[in-house]
Amino acid sequence: MMNYKDLITRFTNWAKVQETIQAAIVIGSRARTEVPADEWSDLDIILLTDTPEQFIDSEDWLENIHSYSISFLEKTAVGDGIERRVMFNPHLDVDFVILTPEYFSGMLQIKEVQQVFQKGYKVLFDKTDVTNGIIVPEDSAPVQLLPTQTQFDNLVQDFWYHVVWVSKKMLRGEIWVAKECLDSNLKNLVRVMAEWHAVSVLGNSPWHNGRFIENWADARLVSCFSKMFAIYDRNSMFLAMKETMSIFRLLAVEVGESLNYPYPHQADQAAERFLHTYQESIGSVK
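Let me begin by describing the structure that accompanies this report. (Residues numbered from 1 in each chain as written. Predicted model: local features only at pLDDT ≥ 70, side-chain atom pairs only at ≥ 80, totals over all residues. Heavy atoms only, no water.)

1. Focus: the pattern of salt bridges
Pairs can form between side chains of opposite charge whenever their charged atoms are close.
Reasoning step 1: Under the definition given, this model contains 13 salt bridges.
Reasoning step 2: Of the charged contacts in the structure, one is a salt bridge between Asp183 and Lys187, with a shortest N-O distance of 3.4 Å. Taken as a pair, Asp183 and Lys187 lie in helix α6 (residues 175–202) at a separation of four residues, close to a single helical turn.
Reasoning step 3: Classification of Lys187 as buried rests on a relative accessible area of 10%.
Reasoning step 4: Among the charged side chains, a network of salt bridges with common partners joins Lys242, Arg249, Asp268 and Glu272. (Salt bridge = Lys/Arg side-chain N within 4 Å of Asp/Glu carboxyl O. Helix = DSSP H or I, 4+ residues; strand = E, 2+ residues; numbered from the N terminus. Buried < 20%, exposed > 50% of the residue type's maximum accessible area, 1.4 Å probe, protein only.)

2. Looking at the nonpolar core
Reasoning step 1: Ranked by size, the top nonpolar core spans 47 residues in total, and within it Trp160 and Met193 carry the most contacts.
Reasoning step 2: Within the residue set of this core, elements represented by two or more residues are α5 (149–172), α6, α7 (213–216), α10 (234–259) and α11 (265–282).
Reasoning step 3: Apart from residues no more than four positions distant in its own chain, Trp160 is found in contact with Met245, Phe248, Arg249, Tyr263, Ala267, Asp268 and Ala271.
Reasoning step 4: Leu7, Trp14, Phe55 and Trp61 belong to the second largest nonpolar core, which has 27 residues in total. (Core = buried A, V, L, I, M, F, W, Y, C linked by side-chain atoms within 4.5 Å. Contact = heavy atoms within 4.5 Å.)

3. Remarks on the packing of α5 against α11
Axes are the key here: two packed helices are described by the angle between their axes and the distance separating the axes.
Reasoning step 1: Packing of α5 against α11 brings their axes to within 9 Å, and their N-to-C directions diverge by 15 degrees. One way to sum up the angle between α5 and α11 is to call them roughly parallel. For the crossing formed where α5 meets α11, the hand is left-handed. In this structure, α5 contributes Gln157, Trp160, Val163, Val164, Ser167, Lys168, Met170 and Leu171 to the contact, and α11 contributes Gln266, Ala267, Asp268, Ala271, Phe274, Leu275, Tyr278, Ser281 and Ile282.
Reasoning step 2: Class assignment for the residues of the contact of α5 with α11 results in eleven nonpolar, four polar and two charged. (Axes fitted to C-alpha atoms, helices over the stretch in contact; angles between N-to-C directions. Parallel < 35°, antiparallel > 145°, perpendicular 65-115°, else oblique. Left-handed = near helix turned anticlockwise from the far one by under 90°. Nonpolar A, V, L, I, M, F, W, Y, C, P; charged D, E, K, R; others polar.)

This is how it looks when you write it as structure tokens:
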């Protein structure tokens, strides 16, 4: 049965002889030593080419590597690049980040990208030495970005604004929309605050997009996870939102104190007043 090691070999042998492909680099779990790949890890390959449309607009090239069952396009997590995500048979998921060498060189100036390479990478081949421009910070600690006072204030205000917004949607009976914001937008704001808290208060190094959050986030947040998410029910959603509000407030106040930023209490209090006024109605609107 095909495995990732064999798949990498087949891809490399094929890609090396393609005139339009200049380099290929493995990043992510299959290139790092910290939290290395396990049996469920995917494979991330940066493919550098002057003709990205050849690999974005067509799937024909995939059969040269191995048979597959699923393939689609998605924007990269950082920047405006495109990646083709593929499920090679039987169930080997591979993300091909397809970039021009020029765009790749520009991305190497972004600190978040440097952090990706700091965690580990493996050059499969490089015909033009473009990978010589990969920047890995000399400091062994991962690059972590803390907010400015404006960014901190904006995120906190954003959170409390959407607490009221979710509540109004629940009162109107738009439960789907309310739950989507509660469990997506608001939780994403909690995640960002948790990252800032991990760096500024705990001295930890958070992973991107909540990866391994159970390991680096504050234990008080992790203990709330089971209460922060609700079933499709107004009362359950109300309780989950109150739990989300409580832990967000705790983290945000501590981040503000650690960075000497004032906490926008007026936004917090305004949202609390609204929920207190309508809390009985939220569970009874038909």
